[in-house]
Amino acid sequence: FIRVEGYVFQEQAAGMVPLKLFWSSDRKDNFSTSTAQGEADALAVGYKFIRVEGYVFQEQAAGMVPLKLFWSSNRKDNFSTSTAQGEADALAVGYKFIRVEGY
């Protein structure tokens, strides 16, 4: 355990979308996404849908922080974070920012 990166809502409300968890047995990698592009990318490279982890907002509002997705081509690994420390750690070891998955 390193740290809590954030929280998701367990019930969907207006303005929220599902945060979906995918798994690649080839890469031994989890991948969470709330975007159609993320889901298409995951399925295109063999990730399997596991479950809905919870719900996130599509638009940022007061008090919300972005859930940022990073990718390491060297490690073939996805990393999601909502903390400044998580982002710094990802960038320090060569991960590239991909997109905001939600708030």
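The structure presented is a predicted model; accordingly, all values stated were derived computationally and were not measured. (Residues numbered from 1 in each chain as written. Predicted model: local features only at pLDDT ≥ 70, side-chain atom pairs only at ≥ 80, totals over all residues. Heavy atoms only, no water.)

Q: Mind showing me how you'd approach the sheet that holds strand 6 (residues 96-102) here?
A: Sheets are built from strands paired through backbone hydrogen bonds, the pairs being either parallel or antiparallel. In space, the 3 strands of this open sheet follow the order 5-4-6, with antiparallel pairing throughout. Edge positions in the sheet fall to strand 5 (77-81) and strand 6, since each has one partner strand and no second. Across the sheet, the axes of successive neighbouring strands diverge by a mean angle of 25°, strand direction being ignored. Here strand 4 (residues 67-72) pairs with strand 5 via 5 bridges, running antiparallel. Bridge assignment links Lys-68 to a residue of strand 5, and that residue is Thr-81. (Pairing = 2+ DSSP bridges. Helix = DSSP H or I, 4+ residues; strand = E, 2+ residues; numbered from the N terminus. Axes fitted to C-alpha atoms, helices over the stretch in contact; angles between N-to-C directions.)

Q: Help me understand unusual backbone geometry in this model?
A: For residues that are not glycine, phi is negative in most cases, and the peptide bond is trans in most cases. In this structure, Lys-28 is a non-glycine residue whose phi angle is positive, near 55°. For Lys-28, a relative accessible area of 61% gives the class exposed. For Lys-76, which is not a glycine, the phi torsion comes out positive at approximately 55°. Tracing the sequence through the fold places Lys-76 in the loop between strand 4 and strand 5. (Buried < 20%, exposed > 50% of the residue type's maximum accessible area, 1.4 Å probe, protein only.)

Q: Can you help me understand the pairing of strand 1 (residues 16-24) in this one?
A: Every regular strand shows the same layout, with side chains that alternate between the two sheet faces. Where strand 1 and strand 3 (residues 48-57) come together, 8 bridges link them in antiparallel fashion. Its bridge partner lying in strand 3, Phe-22 is registered against Phe-49. Pairing analysis gives 5 bridges linking strand 1 to strand 2 (residues 29-33), with the strands arranged antiparallel. Bridged to Trp-23 within strand 2 is Asn-30. Connecting the antiparallel pair strand 1 and strand 2 is a turn made up of 4 residues, with Lys-28 showing a positive phi of about 55°.

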